[in-house]
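# What the coordinates show
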Amino acid sequence: MSGMTQEEILQSTRTVVQGLDALKEEHEVIRQKLLTTADVLTNDERQLMEEKASIIDKNLDSIRLGIEEAQIMMALASHIQNLEAEKQKFKAQVRRLCQENAWLRDELNSTQQQLQQSAQQVAQLEEEKKHLEFMNSIKKFDEDQVNDNKENYAAESSRNDTHSTLQELGFGPDEEDDLHGAGQYAQPTPANAMAASASAGYEIPLRLRTLHNLVIQYAAQGRYEVAVPLCKQALEDLEKNSGHNHPDVATMLNILALVYRDQNKYKEAANLLNEALAIREKCLGEDHPAVAATLNNLAVLYGKRGKYKEAEPLCKRALEIREKVLGQDHPDVAKQLNNLALLCQNQGKYDEVEKYYKRALEIYESKLGPDDPNVAKTKNNLSSAYLKQGKYKEAEELYKQILTRAHEREFGQINEENKAIWQIAEEREDNKHKSGDAGTYQENNGSWHKAVKTDNPAVTTTLKNLGALYRRQGKYQAAETLEDAALRAKKQGQPVVGGPHGVVEMTGGIDESMIQSRMTTSTSTSGLKSRLFNALGLQSGTQ
């Protein structure tokens, strides 16, 4: 019986019920016959007949009970079948709901991607707007060129003094803080610098990446009214689910601190960074790269407030951690050395400044090669330190090295037919009395123009810096050559180096500072992948 199916059991039960019904009818017929013959029987026979009738009644009761139990069994079987049918219907509904849920997930992912694309388009439109405003400012700059050379030089010197203080302590190499009170807030920290600064040395969990990226995107666009509430809500949820002392909480505190820093809320930013530092030290250890990143960001923040003495020990501790974890000659150690040198420079400790810059330069050249953009940036920083000490010859030599290297990288070895732009500028300075006014950098000098591409805006910065130095030395013709070349490149969105037959224009951005000397945030040096999508939540493993 145990091997029978439900349908077979139900069919057998029906057969048994039919048999019991037939047996019941037979017993009722027999009982009826006994009752009809009772009147003609004797007392003894009647007594025997009643005993038989009693037995038949008991049998009938048992038969009726069996029939009722069989009917109950069939009713239960029917009920079970109905339940099974309901179960199958519910399973079908569950499958349909799972399919709908998967579809909704796809729709949500698609909507999130569209939202990110829309945010990127908005950011691109903002950049285009800034570019148009920049081109409009160029027209005004052209009108100012009719002013006296001395007035131009005084204005450039004033700008140089401003940029060599707090602006040098920016959070990233692409940042331009507005220190002249033109707006309520400084220009937002770029998304790549903010992402790397907040998450350096710590892998962002997948569940946080979307929110992490949205906050960075809004902050990079200056939409603080959206970024700040998102950060605060994320912090509240993280602390509720993971507790206060968790690396994810420290990462979000770093992001919120950078947003506050961009809003000039330095006190709130410092409090958050100190809190993030305590959490990372407790959770990750005092010698973790993420601790060094937070120390560096805190040092940068103090530097922006002019608290160089308070910033210096923080920067030195970050340097010690990076040296211990990454090695003495890691590129991130060189970045930390640049920051430390700049802090010392603002305190007038020029011996230490030169030592740190030279060591950073050695690391970059040995590990990344002489053509790495950081080499030119560090040389520019060292040149600014030389200028502040009055070492004009040493600064000039470094500027020429940058321009010479850029020229040779694009056009080969320098010779009489293939001169760098600084050589052309000095030739024009030397020949100005022989051939009269040598003129400015004109398009009718056709053989001088050849466009090449570059991703190193430090070359253009060097052009302007060397031009300013030439003016200081009274070499106005050479200065005008470099400045006019840089200005024309600025109009066209192209920096300039020398070419095989003279001046060569290169595509790229323009750095407005006369002497580029800036602190960088804690970013990785392993290229766009680790620098930018730290902004996408990937681990920055080279802190």
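Every chain is numbered on its own, with residues counted from 1 as its sequence reads. With pLDDT at 70 or above as the cut-off, local features in this predicted model cover only qualifying residues; side-chain atom pairs require 80 or more to be listed or tallied, and sums for whole chains, interfaces and linings still use all residues. Water and hydrogen atoms were dropped before computing side-chain values, which therefore reflect all heavy atoms in the structure.

Secondary structure elements follow DSSP: runs of H or I of four or more residues count as helices, runs of E of two or more count as strands, with numbering from the N terminus. Within the protein, the secondary structure is distributed over 18 helices and 3 strands. With a 1.4 Å probe rolled over the protein chains alone, any residue whose accessible area is under 20% of its type maximum counts as buried; one over 50% counts as exposed, and the rest are partly exposed. When each of the 543 residues of the protein is scored for burial, the buried share is 44%. Contacts in the protein between residues far apart in sequence, at least 24 positions, make up 70% of those at least 6 positions apart. It only takes one pair of heavy atoms within 4.5 Å for two residues to be counted as in contact.

It is worth spelling out the pattern of salt bridges at this point. Salt bridges are defined by distance alone: a side-chain nitrogen of Lys or Arg within 4 Å of a carboxyl oxygen of Asp or Glu. Following the criterion strictly, the structure yields 22 salt bridges and no others. A salt bridge links Asp262 to Arg261, with the shortest nitrogen-to-oxygen separation between them at 2.3 Å. Residue Asp262 shares its accessibility class with Arg261, and that shared class is buried. Residue Asp287 pairs with Lys324 through a salt bridge whose shortest N-O separation is 2.6 Å. With Asp287 in the loop between α8 (266-284) and α9 (289-304) and Lys324 in helix α10 (residues 308-326), the pair connects residues that are 37 residues apart, well separated along the chain. The structure contains a network of salt bridges with shared partners spanning Glu28, Asp61 and Arg64.

What follows covers helix α11 (residues 331-345). Across its 15 residues, α11 extends 21 Å between first and last C-alpha, which sits within 8% of the 21 Å expected from 1.5 Å per residue. The buried fraction of α11 is high, at 15 of 15 residues. Multiplying one less than the number of residues by 1.5 Å gives the expected span of a helix.

At their nearest, the axes of helix α12 (residues 350-367) and helix α13 (residues 373-388) sit 9 Å apart, and the two run at 165° to each other. The orientation of α12 relative to α13 falls into the category roughly antiparallel. The crossing of α12 and α13 is left-handed. Between α12, through Tyr350, Val353, Glu354, Tyr357, Lys358, Ala360, Leu361, Tyr364 and Glu365, and α13, the contact on the second element is made entirely by Asn374, Val375, Thr378, Lys379, Asn381, Leu382, Ala385, Tyr386 and Lys388. Ten residues, namely Ala, Val, Leu, Ile, Met, Phe, Trp, Tyr, Cys and Pro, are considered nonpolar, four, namely Asp, Glu, Lys and Arg, are considered charged, and the remaining ones, Gly among them, are considered polar. Counted by class, the contact of α12 with α13 contains 10 nonpolar, 3 polar and 5 charged residues. Fitted lines through C-alpha atoms give the axes, limited to the stretch in contact for helices. The angle between two N-to-C directions lies from 0 to 180 degrees. An angle below 35 degrees is read as roughly parallel, one above 145 as roughly antiparallel, one from 65 to 115 as roughly perpendicular, and any other as oblique. Left-handed describes a crossing whose near helix is turned anticlockwise from the far helix by less than a right angle; the clockwise case is right-handed.

UniProt positions are given in the numbering used here, feature names are shortened, and annotations may be inferred rather than shown by experiment. With numbering matched to this structure, UniProt assigns "repeat: TPR" (unreviewed entry) to residues 250-283, 292-325, 334-367 and 376-409. Along residues 250-283, the helical share is 91% and the strand share 0%, with 10 Å between the first and last C-alpha atoms. Counted over residues 376-409, helix gives 91% and strand 0%. Its end C-alpha atoms are 13 Å apart.

Moving on, we get to α13. Note that an α-helix has 3.6 residues per turn; residues three or four places apart therefore point the same way. In this model, α13 (16 residues) spans 23 Å end to end at C-alpha, consistent with the 22 Å of a helix rising 1.5 Å per residue. By the criterion of burial, α13 is predominantly enclosed, with 13 of the 16 residues buried. Of the residues flanking the end of α13, it is Gly390, one or two places downstream, whose phi is positive at about 80°.

Let us now look at the packing of α9 against α10. Interhelical geometry of α9 versus α10 gives an angle of 160° and a closest axis separation of 8 Å. Taken as axis vectors, α9 and α10 run roughly antiparallel relative to one another. Where α9 crosses over α10, the two elements pack in a sense that is left-handed. Note on element contacts: α10 touches α9 through Tyr308, Glu310, Ala311, Leu314, Cys315, Arg317, Ala318, Ile321, Arg322 and Val325, opposite Pro289, Val291, Ala292, Ala293, Leu295, Asn296, Leu298, Ala299, Tyr302 and Gly303. Partitioning the contact of α9 with α10 into residue classes produces 15 nonpolar, 2 polar and 3 charged.

So, about unusual backbone geometry. Its identity as a non-glycine residue notwithstanding, Asn264 has a phi of 65°, on the positive side. With respect to the secondary-structure elements, Asn264 resides in the loop between α7 (247-262) and α8.

Residue placement: Ala38 occurs in the loop between α1 (6-36) and α2 (43-144). Judged by its relative accessible area of 10%, Ala38 is buried.

Looking at the secondary structure, you find Lys367 in helix α12. A residue is classified by how much of its surface remains accessible, and Lys367, at 47% relative accessible area, is partly exposed. When the C-alpha positions of Lys367 and Pro331 are compared, they lie 7.0 Å apart, and in sequence the two are 36 residues distant. Apart from the residues lying within four places of it in its own chain, the contact partners of Lys367 are Asp329 and Pro331. Among the polar contacts made by the side chain of Lys367, one reaches the side chain of Asp329 at a distance of 3.2 Å. What qualifies as a polar contact is a pair of N or O atoms within 3.5 Å, subject to a donor-acceptor requirement within protein and to the restriction that residues adjacent in sequence count only when both atoms come from side chains.

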